[in-house]
Amino acid sequence: VFTAAAKCNVTYEVEIIDRVEKLFYEFHQLYQETGDLNYRPHPIMYERLISMYSRMNRRKNIKGFATRTFRLLESMKQNEVEFENSFTGTAALNRVLSATEFCIPQDPMKNPIWTKKMLVLCLDTFRKFHGDDDHGILASPNSVSYEIFLRACGRLPEGETRSNLATKAFDLCKENGLVSPTICMELYKANPVYALSELKADPQDMDGWSFTIP
């Protein structure tokens, strides 16, 4: 059922997603109540649902997409289920990050309420990589995670919030050993002063990506 729904051309329709999701949480509830392994949701069920959730972006339902993805990953923790491919959880959160980053307006002050809403959602997603919330780590970040988040920072109005977020994200990226030339460029766009001090670069060299990665 889950595989067929994920392959269906209309899986982005909310009604179909709701039906498959309802079936999934029936399994989840039965397993929580009985402990019977026959009811424990299979990793493939999680993977197919995540695939379907990602299609909700076609309806620009970013909040719904993110909320459902978070809830599903929390269910995996509760049921002690792991993805067959560990990258799947990371990819799921990266999709949410990418969706929120894309929805931050080119002119963020043109619609500040929407910009704030997308920033909060982007931050909530980013924190789930690092255990900075009540739920702890839901997946391990990769270089793409930091690249997207730094790009989101660069779309914010210039100021202390933008600079601090970019600095913190880059520091975490360094701790995880995931710094790349692309990430350095995104840091430079979001917080050029910090980038030049950290990367020991000359401003004239940045266009040619000639700098020392820490």
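This text goes with the structure placed above it.
Residues numbered from 1 in each chain as written. Predicted model: local features only at pLDDT ≥ 70, side-chain atom pairs only at ≥ 80, totals over all residues. Heavy atoms only, no water.

**Let's talk about the packing of aromatic side chains**
Turning to step 1, where the next piece is worked out: With the rule as written, the count across this model stands at 5 aromatic pairs.
Turning to step 2, where the next piece is worked out: Residues Phe 24 and Tyr 25 carry aromatic rings whose centres are separated by 4.8 Å and whose planes lie at 90° to one another, so their mutual orientation is edge-to-face. Here Phe 24 and Tyr 25 have matching classes, each one buried.
Turning to step 3, where the next piece is worked out: Ring geometry for Phe 24 against Tyr 46: centres 4.9 Å apart, planes inclined by 75°, an arrangement best described as edge-to-face. Taken together, the residues Phe 24 in helix 2 (residues 14-34) and Tyr 46 in helix 3 (residues 43-54) connect sequence positions 22 residues apart.
Turning to step 4, where the next piece is worked out: A relative accessible area of 0% means that Phe 24 is categorised as buried. (Phe/Tyr/Trp six-rings, centres within 6.5 Å; stacked < 30°, edge-to-face > 60°. Buried < 20%, exposed > 50% of the residue type's maximum accessible area, 1.4 Å probe, protein only. Helix = DSSP H or I, 4+ residues; strand = E, 2+ residues; numbered from the N terminus.)

**Focus: the nonpolar core**
The tendency in soluble globular proteins is for nonpolar side chains to be buried side by side.
Turning to step 1, where the next piece is worked out: Ranked by size, the top nonpolar core spans 58 residues in total, and within it Phe 24, Leu 49, Leu 72, Phe 149 and Phe 170 carry the most contacts.
Turning to step 2, where the next piece is worked out: Broken down by element, the residue count for this core peaks at 7 residues, all from helix 4 (residues 62-79).
Turning to step 3, where the next piece is worked out: The contacts of Phe 24, once residues within four sequence positions are left out, are Phe 2, Pro 41, Met 45, Tyr 46, Leu 49, Leu 72 and Ser 75. (Core = buried A, V, L, I, M, F, W, Y, C linked by side-chain atoms within 4.5 Å. Contact = heavy atoms within 4.5 Å.)

**Thoughts on the pattern of salt bridges**
Turning to step 1, where the next piece is worked out: Within the structure shown, the criterion is met by 10 salt bridges.
Turning to step 2, where the next piece is worked out: For the salt bridge of Glu 186 with Lys 189, the shortest nitrogen-to-oxygen distance reads 3.8 Å. Here Glu 186 pairs with Lys 189, and both are found in helix 9 (residues 181-190), just 3 residues apart, close to one helical turn.
Turning to step 3, where the next piece is worked out: Here Glu 186 falls in the buried class, since its relative accessible area comes to 9%.
Turning to step 4, where the next piece is worked out: A cluster of three or more residues bridged by salt bridges with shared partners is formed by Glu 101, Glu 147, Arg 151 and Arg 155. (Salt bridge = Lys/Arg side-chain N within 4 Å of Asp/Glu carboxyl O.)

**Focus: helix 7 (residues 143-154)**
Turning to step 1, where the next piece is worked out: Between the first and last C-alpha of helix 7 there are 17 Å, a value that for 12 residues agrees with the 16 Å anticipated at 1.5 Å per step.
Turning to step 2, where the next piece is worked out: The inward-facing, buried residues of helix 7 contact helix 5 (87-103), helix 6 (112-127), helix 8 (160-175) and helix 9.
Turning to step 3, where the next piece is worked out: Looking at where helix 7 begins, the residue whose side-chain oxygen comes 3.1 Å from the main-chain nitrogen of Val 144 is Asn 142. (Expected span 1.5 Å × (residues − 1). Polar contact = N/O pair within 3.5 Å; in protein donor to acceptor, adjacent residues only side chain to side chain.)

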